[in-house]
Amino acid sequence: MTGPPPQRPHEPVPGNPYVRPPVPSAPARSATGAVVWILVAAVLAAVGAGVGAYAVLKEDGDAGSGGFREPVAREPGVPAGPSGSGERTDRPGADGGGKPRHVDVNAGREPGEAKGRLYLNHQRLPGGGTSPNDLWAADGLVVQALYDTVTAYRVRDGEQAWSLRLPAPVCDTPLNAGDGGKVVVAYTNGNTSGSRKCDRLQQIDLRTGAKGWHRRLVERGVGDRTSTVHLAVSGGTLAVAQEYVVHGFRLSDGKRIFTEPRRRTGPCLLEDVAGGERLLYVDSCAPGAPKAHDEVRRVDPRSGRTAWRYRTKVGWNVGKVYSVDPLVLAVRNTEEYEKWAVVAVDGDGKQRSWTRLDRGPHTFEMCTGAGDSGEGVQNCPGGVVNGDTLYLASEPEDRAALGRNKVVAFDLATGKARWSAAVGKGKQGRQLTPVREAGAGKRPGVVVYVRAQTGMPGRTVRFAASGGRPEVLLRHPTPAREWETFMFAGETLYSGGRFFVTPTRLDPDSPIEDDKDQGRMLSVGR
């Protein structure tokens, strides 16, 4: 047994050319099957005997550039063009001439519909296209990283606030920002050959777009490579998972404050890190063996010390982390891939509830079938935790036609479904996606995106914690329907009364007939 197959990527569906098997921006992390474990164990044993395999690339604290170009920031606060979508480029990542095109998605709005703002992509993309990264909210802004550029938009009016271009494509982003509205992104060394590394870090102030410290990651030995890294931010700490080792850096100045080496007790290897209100490590233990399982460790972000650990049932591994506080995990059976469950864990690392989701009155697919494509353990659409409730989107009744589905609320204390709700009936039924909410003013319940489809514009609604009929927060503008339909909800965020949605993927060619441009994001608000 070599472990379960990887999660399926977003699958192509009729009328949705954005949903294609993705092309990773960096080499994907290797699986942890039995063969991999045997090989890694042998090499690690050699290292313990004094056989070094990787040279140190750069010493900690070295302030030199290491031969790579520093990020270049456009002046913060400069108003954007009419579309607020930046500049057109003539090659991947390059600045070009020409006035950006603007599409007015408000001309012809119906009564009662909110105002929308479409951001066209004027950055020429690589031949394989790219996927937008995480959306962050900070100080009245929503910030998006796309390919090699990070751009901020004001929540109050949707206008562009600032833009920062990096020297090379972004290869990983944390799900959330940290103290003081600071975030760190990882970008590549720019090589296109087999020596490509995800080994550059850049701190960014999300409020102003100012670039802070930047550094080059060090490979200290076997199990500490930077072919793929994952980032997590918790408070004032940045955790960087380099293969099987975690390094902790102070978010404010980039100083390394701890290193979590390969575990010396038990046959466990680091899989990933998760951040937010808590810092977590996910370990894979004895993969391929009869007692294979995973462990989730809660870690002190200031010291890297383990506070407690939760061990999954034998034969189950952690697929994704829906929430770090309260801790809610999606776990999958290693022998029967279609079997999966949601586990709620208390503040001491003890299991609260276990809910099987491959059976029952509703049909679910983990993360709505989204593939990992090198993304971290926290990237999982289709589920939101608010309070002591998990809200999940069920599979559509008519998958091929993007038909109606339901939002189901689960009590984390008992694991039982509290209620389920749908919007519309029959052919008028709508597809629903729970939306992550950021910023102040959060209310009980869940914000839900009612996806746009042929003949019907999108909606943003809120279901109360007790269920019932949803409150309509925003009626999306009818003129934006075609653009919105092709976006299909890659990333969604609700902040400050405004809804944001990005495509699952951006390709060099537009999916809209007779149109050369693509929408990189749509925002809707009052």
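What comes next is a walk through the structure.

What counts and what doesn't
Residues numbered from 1 in each chain as written. Predicted model: local features only at pLDDT ≥ 70, side-chain atom pairs only at ≥ 80, totals over all residues. Heavy atoms only, no water. Helix = DSSP H or I, 4+ residues; strand = E, 2+ residues; numbered from the N terminus. Areas by Shrake-Rupley, 256 points an atom, 1.4 Å probe, with all protein chains shown as cover. Salt bridge = Lys/Arg side-chain N within 4 Å of Asp/Glu carboxyl O. Buried < 20%, exposed > 50% of the residue type's maximum accessible area, 1.4 Å probe, protein only. Pairing = 2+ DSSP bridges. Axes fitted to C-alpha atoms, helices over the stretch in contact; angles between N-to-C directions. Phe/Tyr/Trp six-rings, centres within 6.5 Å; stacked < 30°, edge-to-face > 60°. Lys NZ or Arg CZ within 6 Å of the ring centre and 35° of its normal. Contact = heavy atoms within 4.5 Å. Disulfide = S-S within 2.5 Å. Core = buried A, V, L, I, M, F, W, Y, C linked by side-chain atoms within 4.5 Å.

### A few points about the overall build of the chain
Turning to step 1, where the next piece is worked out: Of the regular secondary structure elements, the chain holds two helices and 34 strands.
Turning to step 2, where the next piece is worked out: A total accessible area of about 21,600 Å² is found for the chain, and carbon and sulfur atoms account for 49% of it.

### What to know about the pattern of salt bridges
Turning to step 1, where the next piece is worked out: Enumeration over the complete set of coordinates arrives at 22 salt bridges.
Turning to step 2, where the next piece is worked out: For D253, the salt bridge goes to R250, with nearest N and O atoms at 2.7 Å.
Turning to step 3, where the next piece is worked out: The class for R250 is partly exposed, based on a relative accessible area of 33%.
Turning to step 4, where the next piece is worked out: For D411, the salt bridge is made with R418, and the minimal N-O distance between the two is 3.3 Å.
Turning to step 5, where the next piece is worked out: R418 sits in the partly exposed class, given a relative accessible area of 40%.

### What about the pairing of strand 5 (residues 149-154)?
Residues in a regular strand point their side chains to alternate faces of the sheet.
Turning to step 1, where the next piece is worked out: Most of strand 5 sits out of view: five of its six residues are buried.
Turning to step 2, where the next piece is worked out: By the bridge criterion, six bridges tie strand 4 (residues 141-146) to strand 5 in an arrangement that is antiparallel. Counted as the bridge partner of L141 is R154 from strand 5.
Turning to step 3, where the next piece is worked out: Taking the residues that link successive antiparallel strands as the turn, the strand 4-strand 5 hairpin has two residues, and the phi of Y147 there is positive, at about 60°.

### Describing the sheet that holds strand 24 (residues 389-393)
Turning to step 1, where the next piece is worked out: In spatial order, the strands read 23-24-25-26; together these four strands make up an open sheet with antiparallel pairing. Edge positions in the sheet fall to strand 23 (383-386) and strand 26 (417-421), since each of these pairs with one other strand and no more. Geometrically, the sheet is characterised by an average inter-axis angle of 20° between neighbouring strands, direction not taken into account.
Turning to step 2, where the next piece is worked out: Two strands pair when backbone bridges link them, and strand 25 (residues 407-411) and strand 26 are joined in this way by four bridges, in the antiparallel orientation. When the bridges of strand 26 are listed, V408 appears paired with S420.

### Digging into the packing of aromatic side chains
Turning to step 1, where the next piece is worked out: By the definition in use, this model includes six aromatic pairs.
Turning to step 2, where the next piece is worked out: Residues Y119 and Y153 carry aromatic rings whose centres are separated by 4.2 Å and whose planes lie at 50° to one another, so their mutual orientation is tilted. Taken as a pair, Y119 in strand 2 (residues 115-120) and Y153 in strand 5 lie far apart in primary sequence, 34 residues in all. Of the two residues, Y119 and Y153, neither departs from the other in class, the shared state being buried.
Turning to step 3, where the next piece is worked out: Ring geometry for Y391 against W419: centres 6.0 Å apart, planes inclined by 50°, an arrangement best described as tilted. Here Y391 is found in strand 24, whereas its partner W419 is found in strand 26, with 28 residues between them in sequence. W419 carries the same exposure label as Y391, and that label is buried.
Turning to step 4, where the next piece is worked out: Within the aromatic cluster, the residues linked to one another by ring pairs are Y391, W419 and F463.
Turning to step 5, where the next piece is worked out: Lying over the aromatic face of W354, K313 brings its terminal NZ or CZ to 3.8 Å of the ring centre.
Turning to step 6, where the next piece is worked out: The side chain of R332 reaches across the aromatic face of Y337, ending 4.0 Å from its centre.

### Let's talk about the pairing of strand 34 (residues 519-525)
Turning to step 1, where the next piece is worked out: For strand 34, the buried fraction is high: seven of the seven residues fall into the buried class.
Turning to step 2, where the next piece is worked out: Bridge analysis of strand 2 against strand 34 gives six bridges, and the strand direction is antiparallel. Residue pairing in the sheet places K115 in a bridge with G525 of strand 34.
Turning to step 3, where the next piece is worked out: With three bridges joining them, strand 33 (residues 498-502) and strand 34 adopt antiparallel strand pairing.

### As for the side chain of Q242
Turning to step 1, where the next piece is worked out: Mapped onto the elements of the fold, Q242 is located in strand 12 (residues 237-242).
Turning to step 2, where the next piece is worked out: Dropping the residues within four chain positions of it, Q242 is found in contact with L217, V218, G223, D224, R225, T226, V229 and H247.

### Observations concerning the state of the cysteines
Each disulfide consists of one covalent bond between the sulfur atoms belonging to two cysteines.
Turning to step 1, where the next piece is worked out: Counted by the stated rule, this structure contains three disulfides.
Turning to step 2, where the next piece is worked out: Bridging C268 to C285, the disulfide has an S-S length of 2.1 Å. With the S-S bond torsion at 110°, the cross-link from C268 to C285 turns out right-handed. Within this pair, whereas C268 is found in strand 15 (residues 268-274), its partner C285 is found in strand 16 (residues 279-285), the two being separated by 17 residues in sequence. Both residues of the pair, C268 and C285, count as buried.
Turning to step 3, where the next piece is worked out: When the cysteines engaged in disulfides are numbered in sequence order, the chain pairs them as 1-2, 3-4, 5-6.

### Considering the sheet that holds strand 18 (residues 306-311)
Consider a sheet: its strands pair through backbone hydrogen bonds, and that pairing is either parallel or antiparallel.
Turning to step 1, where the next piece is worked out: Overall, antiparallel pairing links the four strands, which are arranged 15-16-17-18 in an open sheet. Unpaired on one side and paired on the other, strand 15 and strand 18 mark the two borders of the sheet. Neighbour-to-neighbour, the strand axes of this sheet turn through a mean angle of 25°, independent of strand direction.
Turning to step 2, where the next piece is worked out: For strand 15 and strand 16, the ladder comprises six bridges, and the chain directions are antiparallel. The residue of strand 16 that forms the bridge with L270 is D283.

### Comments concerning unusual backbone geometry
Turning to step 1, where the next piece is worked out: With an omega of 0°, the peptide bond running from D325 to P326 counts as cis.
Turning to step 2, where the next piece is worked out: Within the fold, P326 resides in the loop between strand 19 (316-324) and strand 20 (327-333).
Turning to step 3, where the next piece is worked out: The phi torsion at Y147 lies on the positive side, around 60°, for a residue other than glycine.
Turning to step 4, where the next piece is worked out: In this fold, Y147 is placed in the loop between strand 4 and strand 5.

### Regarding the nonpolar core
Turning to step 1, where the next piece is worked out: Counting residues in hydrophobic clusters, the biggest one holds 20 residues, and the most contacted among them are L118, Y449, L474, Y494, F499, V501 and L522.
Turning to step 2, where the next piece is worked out: Within the residue set of this core, elements represented by two or more residues are strand 2, strand 29 (446-450), strand 31 (467-475), helix 2 (481-487), strand 33 and strand 34.
Turning to step 3, where the next piece is worked out: Contact partners of L522, with chain neighbours within four places excluded, come to V105, R117, L118, Y119, A480, E484, M487, F499, F500 and V501.

### Considerations on the environment of W354
Turning to step 1, where the next piece is worked out: Position of W354 relative to the elements: it lies in strand 22 (residues 351-356).
Turning to step 2, where the next piece is worked out: Here the alpha-carbon distance between W354 and A413, two residues 59 residues apart in the chain, equals 9.4 Å.
Turning to step 3, where the next piece is worked out: Setting aside residues no more than four positions away along its own chain, W354 makes contact with Y310, K313, W316, V331, A341, V342 and V343.

Structural measurements only, silent on function.
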